[in-house]
Amino acid sequence: MEYEYMLMRNEKETQNRCCGGRVWCVQDICGIICALLTWSLILYAEFVVTMVILLPNPYKAYRYINFIIFNTGSFLAFASHLRTMLSDPGAVPKGNATKEMIQQLGYQEGQVFFKCPKCCSIKPERAHHCSVCQRCIRKMDHHCPWINNCVGENNQKFFVLFTFYIAFISIHSIFLAVNQFCICIKNEWRECSNYSPPATVILLLFLILEALLFAVFTMIMLGTQLNAIWTDETGIEQLKKEEARWVKKSRWKSFQAVFGHFSLAWFSPFTQPLRAKHENYLYSV
């Protein structure tokens, strides 16, 4: 068994990585399709809002203000999705369950700790094995096919931002589409769109349907994630009703652990929150 651990540890980490091992990328066909579908739906909403709703509108202030708001939200949603998908969620190195590593971790003879038989690693507290990523993930909340990745210790902030910005642009899309319907009906469809009335109706209806579905889904996910951070308990821990063997943080400290110290950077998918160093570097990839 020790020989198997050493082989796995010495093996170059190429699983779930691309670009020469520099970028985390789960090679799951279902997740890749869901991610591409997510991008396609964002681009569709971008097309309808810009080409069907805003460009034909005669009021410049309405056109420019909504264009800036919607495109800023879309860009941040897309960036948040990419950061969530391409960030290592907190994978535990494979094959570190050797006598040498156990000694370096400071475990005493007879002390209880957990090993993962699937990836031959020492499981840190609150880590769970993901069957899709095929790795143990620190503070794993769940595996989401829409981001083709796990939501864990290192990328939970980006996932929260993704759900927040998608919900925001979905609600904004519904407002713009309903308002456009009112304008077209009032003007009897004259000069309200660059497309024919039937095409305009179909495009707007599909946008409203898409926006409603995404708004409901992402608001539920956003609420779930905020509750998990608030209670310092991941989705898996809540589902399994695991007894808290860890010292729970205060609510404010729990939010800081995910987002960092409060600032505008909380809302940016381009900043990684500054975390305290992990209690042992052997648990980081």
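About the criteria used
Per chain, residue numbering runs from 1 following the sequence as it is written. For this predicted model, a pLDDT threshold of at least 70 governs which residues receive local features, and a threshold of 80 or more governs which side-chain atom pairs are given and counted, while totals over whole chains, interfaces and linings are taken from all residues. Remark: hydrogens and water are excluded; side-chain values derive from all non-hydrogen atoms of the structure. UniProt positions are given in the numbering used here, feature names are shortened, and annotations may be inferred rather than shown by experiment. Numbering of helices and strands runs from the N terminus; a helix is a DSSP stretch of H or I covering at least four residues, while a strand is a stretch of E covering at least two. Buried, partly exposed and exposed residues are distinguished by accessible area as a fraction of the type maximum, computed with a 1.4 Å probe on protein chains only: under 20%, between the cut-offs, and over 50%, respectively. Residue exposure ignores everything except the shown protein chains as possible cover, and the areas themselves are Shrake-Rupley values with a 1.4 Å probe. The predictor rates its confidence in each residue with pLDDT, a number between 0 and 100. By the convention used here, residues are in contact when the closest approach between their heavy atoms is within 4.5 Å. By this rule the span expected of a helix is its residue count minus one, scaled by 1.5 Å. Helix axes are fitted to C-alpha atoms over the stretch in contact, other axes to C-alpha atoms as well, and angles between N-to-C directions run from 0 to 180 degrees. If an angle is under 35 degrees, it is roughly parallel; if it is over 145, roughly antiparallel; if it lies from 65 to 115, roughly perpendicular; otherwise it is oblique. Crossings are sorted by hand: turned counterclockwise from the far helix by less than a right angle, the near helix makes the crossing left-handed, and turned clockwise it makes it right-handed. The patch calculation keeps residues exceeding 30% relative accessible area without a salt bridge and links them within 9 Å when they carry like charges or within 5 Å when they are nonpolar (Val, Leu, Ile, Met, Phe, Trp, Tyr). Throughout this description, the term salt bridge denotes a Lys or Arg side-chain nitrogen within 4 Å of a carboxyl oxygen of Asp or Glu. When two cysteine sulfur atoms are found within 2.5 Å, that pair is recorded as a disulfide.

In the nomenclature of an unreviewed UniProt entry, the protein chain is known as Palmitoyltransferase of Anopheles atroparvus. UniProt lists a comment for the protein chain under the heading Catalytic activity (unreviewed entry), and it reads "L-cysteinyl-[protein] + hexadecanoyl-CoA = S-hexadecanoyl-L-cysteinyl-[protein] + CoA". If you open the UniProt record of the protein chain and go to Sequence similarities (unreviewed entry), you find "Belongs to the DHHC palmitoyltransferase family."

**Q** What exactly am I supposed to notice about the overall build of the protein chain here?
**A** Scanning the protein chain for helices and strands turns up 8 helices and 8 strands. A burial count over the protein chain gives 47% of its 285 residues as buried. Only carbon and sulfur atoms are counted for the fraction: they give 66% of the accessible area of the protein chain, which is about 15600 Å².

**Q** Is there a simple way to think about the confidence of the model for the protein chain in this case?
**A** If pLDDT is low for a region, its predicted coordinates should not be looked at in detail. Predicted confidence across the protein chain gives a mean pLDDT of 85, with 83% of residues reaching 70 or more. Every residue in residues 1-12 scores below 50 in pLDDT, and together they form 17 contacts with partners more than four places removed in sequence or on other chains. Across residues 276-282, confidence stays below pLDDT 50; counting only partners more than four residues off in sequence or on other chains, it has 11 contacts.

**Q** Help me understand the UniProt feature "transmembrane region" (unreviewed entry) in the protein chain in this model?
**A** UniProt records the feature "transmembrane region" (unreviewed entry) for residues 32-55, 61-79, 158-178 and 198-222 in the present numbering. Between the C-alpha atoms that bound residues 32-55 there is a distance of 33 Å. The span itself is 96% helix and 0% strand. Helix makes up 100% of residues 61-79 and strand 0%, and the two end C-alpha atoms of the span are 27 Å apart.

**Q** Would you mind showing me how to read helix α5 (residues 156-186) here?
**A** Helical geometry: 3.6 residues make up each α-helical turn, so side chains three or four residues apart lie on a common side. Helix length check: α5 (31 residues) gives 45 Å between terminal C-alpha atoms against 45 Å at 1.5 Å per residue, within 8%. Count one or two residues on from α5 and you reach Glu-188, which has phi positive near 55°.

**Q** When you look at the packing of helix α2 (residues 29-54) against helix α6 (residues 197-231) in this model, what are you seeing that I'm missing?
**A** When two helices pack together, you describe them by how their axes are tilted relative to each other and by the distance separating the axes. At a minimum axis distance of 10 Å, the contact between α2 and α6 shows a crossing angle of 135°. Considering the angle they form, α2 stands oblique to α6. In terms of crossing hand, the pair formed by α2 and α6 is left-handed. For the pair formed by α2 and α6, the contact residues are Leu-41, Ile-42, Tyr-44, Ala-45, Phe-47, Val-48, Val-49, Val-52 and Ile-53 on the first element and Thr-200, Ile-202, Leu-203, Leu-204, Phe-206, Leu-207, Glu-210 and Phe-214 on the second.

**Q** Is there a simple way to explain a nonpolar patch on the surface in this structure?
**A** A cluster of nonpolar residues, Phe-164, Trp-252, Phe-262, Leu-264 and Phe-267, forms a patch on the protein surface that exposes about 600 Å² of accessible area. Position of Trp-252 among the secondary structure elements: in helix α8 (residues 251-259). By relative accessible area, Trp-252 is classed as partly exposed at 47%.

**Q** Help me out: how do you make sense of the state of the cysteines in this one?
**A** A covalent bond between the sulfur atoms of two cysteines is referred to as a disulfide. Overall, the coordinates contain 1 disulfide when judged by the stated rule. What pairs with Cys-184 in a disulfide is Cys-192, and their sulfur atoms sit 2.2 Å apart. Between Cys-184 and Cys-192 the disulfide shows an S-S torsion of about 105°. By sign, it is right-handed. Taking relative accessible area as the criterion, Cys-184 reaches 0% and is therefore assigned buried. For Cys-192, a relative accessible area of 5% gives the class buried. As a non-bridged cysteine, Cys-133 has Cys-150 as the owner of its nearest cysteine sulfur, 3.6 Å distant. On the accessibility criterion, Cys-133 (0% relative accessible area) is buried. The thiol of Cys-136 is not disulfide-bonded; the next cysteine sulfur, from Cys-116, is found 3.4 Å away.

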